[in-house]
Amino acid sequence: MNKKTINAIRILSAEAIQKANSGHPGLPLGSAPIAYALWQNFLKFNNSDPKWDDRDRFVLSAGHGSMLDYSLLYLYGFGLTKEDLMNFRQLGSKTPGHPEYGHTVGIETTTGPLGQGIANAVGMAVAEAHLAAKFNRGGFKIVDHYTYALCGDGCLEEGISYEACSFAGTHELGKLIVFYDDNDITIEGNTDITFKEDVAARFAAQNWQVLKVDLVSNPDDVALIDAAIEQAKAETKKPSIIICKTKIGYGTPLEGSHKCHGSPLGTENLQKTKENFQWTHEPFEVPSEVLTHTAEAGKRGAKKEEEWKALFAQYEKKYPELAKAYKAAMAGELYDIENDKDLFSFDKPMATRQTSNVVLNKIAAKVPELMGGSADLAPSNLSDMKDTESVVYGDFTPENYAGRNMHFGIREHAMAAIANGMQLHGGLKAYCSTFFIFSDYCKHAMRLSALMNIPVVYILTHDSIGVGEDGPTHEPVEQLIALRSIPNMKVYRPADGKETAAAWISALKGTAPTALVLTRQNLPQYANSGINALKGGYILEDCAGTPDILLIASGSEVELCVKAKAELEKEGVKARVISMPCFEEYEKQSAEYKESVMPSSVKARVCVEAGSPYSWYKYAGDKGEIVAMSTFGASGPAAELFKLFGFTVENVVAKAKTALKK
């Protein structure tokens, strides 16, 4: 029965890829025994309740092998049908080219960009460890599950895997188990051309338990895999990697060749593969005894959930407040944050990185699910939650998994992907932080936050040439337009403390990721700023009647527009100052609202932002002027740089006069 089910996984995968004439058959054919052993004998799940809190998480980091996922979800009763498999990679199907979170039931995270899945799995293991420390009590293991990931050579070649696995080993995440499908093949051929390192030694050096299973000499030996998983689970102080030596495309005429990595086998080779496995069933048909066999795993999981519910009922009686807090955390509940007036109390000039820290700490005291940290820059990002007499946050360490302040180390890419995994796990509201210039290192994980529609908060400080003496290597110019170009990413660049508070509210109330882009230098506080920033753009200072010109800016440059307005009014020019902290939220507003803020009849406009001009052409129109950065910055005091690059009141006034003459 083991072999029949393993071969069912292989043949279903190969058939779907062949029908689509697109896909990656090599990994499912070679790693089917690994996946089968895990799902049949160990993975804790309930297919009738796929979101059960205490389920094990399975991440296919090598997402190109997506048909492995879909074959498993079909065989183990997660609602995929034979027709879904037949529609692999077709428009609108439940079986897209790479696994997509929120699209297919049972997929825990979107994978495909190699290495991301491993880092997501690390984040899930972080969440499990933290929630277990927070909620478990003697005799009540309410949070008690494993995170498993399956990766390939490509995942381990990507730098993000080194970052994430180093973090996992340092933090002794013993409930993280990674299977490495070690088949020595990538798209271009044998890995010897690029990847000769001793993977076992690498992981041992990172404080992982290293186990090995030889599936070349012992094909389909489930007992060997089972024993390795048992050994991995027995090690509680280290994550484990199970290095599984496999043959890519096992059992096919293309076995061991890169030719089966990313291309269908071909009709003739598929038929020979079926003959080799003695598979005589019609296409996409599975023997009834196989489905009966896999259903046993589902029944086992359903029973485990019933046992968990019974345990939780006892827990709820003994620890009612903890149970209430647990249910609120897992439901993602949030207090009435939008009406929290205390978040808007600012009266003196402050950098928005400072106002963000003030707001963060006020929120953290009321949102116990908030957890995150920085890539070794917390003293500069001001991203830490500060202990008080009433609340002790502590650091997340192997000695204190209950800690909420995380130290990600200098690992920006993994940091962002780990935060994704924490958020995906449930029970947490994850944030992470670095300098804005290093958002480039985070970018692919940020893109996946947006694609998955998960509300990770990115605190990005030192937002412009205001960085000053550190020079052009550390002065963001093109990063704003880069993040604004990501669909479903909210980018907030607040002008003062109250706008920063609104940005945090938007981030925590929303379902999409949010980038908080914050200054190093002090900014004034404005009387008319505040909750209106939730609309993305609003009138900060107005004039009597219809304005002659619109002065539009975000962040630190709003101050220039406010001062330019005063100068223009001395000359009889009526100016309106519009603060635009978030383009994405502004574009969601009604046409009537946008017309009330930026009347189409007012053609004279000046847009000001210490970044790339490309965000602003839409708002400047054909008669507007833009004050922005078209070059890299320079090294020197911030005040001198702003003057050098034209970010002065005098220049804004001059641009306004130019626009008025057009």
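Worth saying up front: this structure is predicted, and the values here are computed from it rather than measured.

Draft legend 1. Broad picture of the packing of helix α5 (residues 116-135) against helix α7 (residues 159-170). Closest axis-to-axis distance for the α5/α7 pair is 8 Å, and the angle between their directions is 20°. The orientation of α5 with respect to α7, classified from their angle, is roughly parallel. Viewed along their axes, α5 and α7 form a crossing whose handedness is left-handed. Seen from α5, the contacting residues are Q116, I118, A119, V122 and V126; seen from α7, they are I160, S161, A164, C165, F167 and A168. Taken together, the residues that form the contact of α5 with α7 break down as 9 nonpolar, 2 polar and no charged.

Draft legend 2. Representation of the packing of helix α15 (residues 412-425) against helix α16 (residues 439-452) within the structure. Between α15 and α16, whose axes approach to 6 Å, the crossing angle comes to 20°. As the angle between them shows, α15 and α16 are arranged roughly parallel. In the packing of α15 onto α16, the handedness of the crossing is right-handed. Note on element contacts: α16 touches α15 through Y441, C442, H444, A445, L448, S449 and M452, opposite E412, H413, M415, A416, A417, N420 and L424. Grouping the constituent residues of the contact of α15 with α16 by class yields 9 nonpolar, 4 polar and 1 charged.

Draft legend 3. Focus on the layout of surface pockets. The computed volume of the largest pocket comes to approximately 450 Å³. Elements with a contribution of two residues or more to the lining of the largest pocket: α12 (320-331), α15 and α18 (497-509). When its volume is computed, the second largest pocket comes out at roughly 370 Å³. For the second largest pocket, the lining is made up of 19 residues, of which E128, G174, K175, T236 and Y401 are closest to its centre.

Draft legend 4. Region of the structure containing the pattern of salt bridges. Going through the model one piece at a time under the given rule, you end up with 33 salt bridges. Residue D54 pairs with K44 through a salt bridge whose shortest N-O separation is 2.9 Å. With D54 in the loop between α2 (26-41) and β1 (57-60) and K44 in the loop between α2 and β1, this residue pair connects regions lying 10 residues apart in the sequence. The same class applies to D54 as to K44, namely buried. Across the salt bridge formed by E587 and K594, the nearest N and O atoms sit 3.2 Å from each other. According to the relative accessible area criterion, K594 is partly exposed, its value standing at 21%. A network of salt bridges, in which partner residues are shared, links E128, D144 and K175.

Draft legend 5. Examining unusual backbone geometry more closely. A positive phi is found at N207, a non-glycine position, where the angle reads about 70°. By secondary structure assignment, the location of N207 is in the loop between α8 (199-205) and β6 (209-214). Among the residues examined, N207 registers a relative accessible area of 26% and is labelled partly exposed. Not every positive phi belongs to a glycine, and D220 is a case in point at roughly 60°. Mapped onto the elements, D220 comes out in the loop between β6 and α9 (222-234).

Draft legend 6. Structural view of α7. Helix length check: α7, at 12 residues, gives a terminal C-alpha distance of 17 Å against a target of 16 Å (1.5 Å per residue), a fit within 8%. Burial of α7 is extensive: 9 of the 12 residues sit out of reach of the surface. For α7, the complete set of buried residues consists of I160, S161, E163, A164, C165, S166, F167, A168 and G169. Those residues of α7 that are buried lie in contact with α5, α6 (153-157), β3 (176-182), α8, β9 (405-407) and α15. Remark: E172 follows α7 within two positions and exhibits a positive phi of approximately 55°.

Draft legend 7. Fine view of the packing of aromatic side chains. Tallied over the full model, the rule gives 32 aromatic pairs. Aromatic side chains F140 and Y319 sit 6.0 Å apart centroid to centroid with 85° between the ring planes, which places their arrangement in the edge-to-face category. Within this pair, whereas F140 is found in the loop between α5 and β2 (147-152), its partner Y319 is found in the loop between α11 (288-318) and α12, the two being separated by 179 residues in sequence. Judged by its relative accessible area of 9%, F140 is buried. Note on Y319: relative accessible area 22%, which makes it partly exposed. Through pairs of rings, three or more aromatic residues link up here, namely W52, F135, F140, W308, F312, Y315, Y319 and Y326. Positioned above the aromatic ring of F583, the side-chain terminus of R484 is 3.9 Å from the ring centre.

Draft legend 8. Structural detail: the side chain of K565. Relative to the helices and strands, K565 resides in helix α19 (residues 558-570). By relative accessible area, K565 is classed as buried at 4%. In terms of polar contacts, K565 uses its side chain to reach the side chain of E569, at 2.5 Å. Looking at K565, its side chain comes within polar contact range of the main-chain oxygen of A575, at 2.8 Å. Not counting the four nearest positions on each side in its chain, K565 is found in contact with E541, D542, C543, L551, A575 and V577.

Draft legend 9. Representation of the nonpolar core in the model. With 135 residues, the main nonpolar core has W39, Y148, L173, F179 and I242 as its most contacted residues. If we skip the residues at most four places from it in the chain, W39 touches F45, F58, L72, L73, Y76, F78, A297 and R300. One finds I465, F583, V597 and V652 within the second-largest nonpolar core, a separate group that totals 77 residues.

Draft legend 10. Molecular detail of the environment of A125. Locating A125 in the fold gives a position in helix α5. In this structure A125 comes out as buried when scored by relative accessible area, which is 5%. Put simply, A125 and G174 are 49 residues apart on the chain and 8.4 Å apart in space, counted from C-alpha to C-alpha. Discounting chain neighbours no more than four positions away, the residues touching A125 are T147, L173 and L176.

Draft legend 11. Representation of α18 in the model. Its 13 residues place the ends of α18 18 Å apart at the C-alpha level, agreeing with the 18 Å of an ideal helix rising 1.5 Å per residue. All buried positions along α18 are accounted for by G497, K498, E499, T500, A501, A502, A503, W504, I505, S506, A507 and L508. You can read the cap of α18 off the contacts: a side-chain oxygen lies 3.3 Å from the backbone nitrogen of K498, and it is on D496.

Draft legend 12. Here's a closer look at the sheet that holds β9. Pairing within the open sheet is parallel, and its 6 strands lie in the order β9-β8-β10-β11-β13-β12. In this open sheet, the two strands that pair with only one neighbour each are β9 and β12 (490-492). Ignoring which end each strand starts from, the neighbouring axes of this sheet average 20° apart. Summarising the sheet, strand β11 (residues 457-461) and strand β13 (residues 514-517) pair through 4 bridges and their orientation is parallel. Pairing of Y458 across the sheet is with A515, part of β13. Across the sheet, α15 is in contact with β8 (370-374), β9, β10 (429-435) and β11; its angle to β10 comes to roughly 170°.

The rules behind each value
- For every chain, the first residue of its written sequence is number 1, and the numbers climb from 1 along that sequence.
- Whole-chain, interface and lining totals are the exception, using all residues; otherwise, since this is a predicted model, local features are given only for residues with pLDDT of at least 70 and side-chain atom pairs are given and counted only at 80 or more.
- Excluded from the side-chain calculation are hydrogens and water; included are all heavy atoms of the structure.
- Under this scheme, a helix contributes an axis fitted over its contacting stretch, all axes are lines through C-alpha atoms, and angles between N-to-C directions fall in the 0 to 180 degree range.
- We count a stretch as a helix when DSSP gives it H or I for four or more residues in a row; a strand needs E for two or more, and each element gets its number in order from the N terminus.
- The scheme is simple: roughly parallel for angles under 35 degrees, roughly antiparallel for over 145, roughly perpendicular for 65 to 115, oblique for anything else.
- Should the near helix be turned anticlockwise from the far one by less than a right angle, the crossing is termed left-handed; should it be turned clockwise, right-handed.
- In this description, contact between two residues means that some pair of their heavy atoms is separated by no more than 4.5 Å.
- Residues are sorted three ways: Asp, Glu, Lys and Arg are charged, Ala, Val, Leu, Ile, Met, Phe, Trp, Tyr, Cys and Pro are nonpolar, and all the rest, Gly among them, are polar.
- The definitions used throughout rest on a 1 Å grid laid over the protein atoms alone, on which a cavity is an enclosed set of points accommodating a 1.4 Å probe that cannot get out and a pocket is an open set flanked by protein within 12 Å on both sides along at least five of seven lines; lining residues are those having an atom within 4 Å of a point.
- Grid points are joined across faces, edges and corners, and a volume is the space filled by probe spheres set on the points.
- Salt-bridge detection follows one rule: a side-chain nitrogen of Lys or Arg within 4 Å of a carboxyl oxygen of Asp or Glu.
- Accessible area is worked out with a 1.4 Å probe on protein chains only. A residue is then buried under 20% of its type maximum, exposed over 50%, and partly exposed in between.
- By this rule, a helix spans an expected 1.5 Å times one less than how many residues it contains.
- Between the rings of Phe, Tyr and Trp (Trp by its six-membered ring), a pair exists once the centres lie within 6.5 Å; its type follows the angle of the planes, with under 30 degrees stacked, over 60 edge-to-face, and the other angles tilted.
- By the criterion adopted, a ring carries a charge over it if an Arg CZ or a Lys NZ lies within 6 Å of its centre and within 35 degrees of its normal.
- Here a polar contact is taken to be a pair of N or O atoms separated by no more than 3.5 Å, where protein atoms must pair a possible hydrogen donor with a possible acceptor and residues adjacent in sequence count only if both atoms sit in side chains.
- Among the buried residues, those of types Ala, Val, Leu, Ile, Met, Phe, Trp, Tyr and Cys that are joined through side-chain atoms within 4.5 Å form a nonpolar core.
- A pair of strands counts as paired when DSSP detects no fewer than two bridges linking them.

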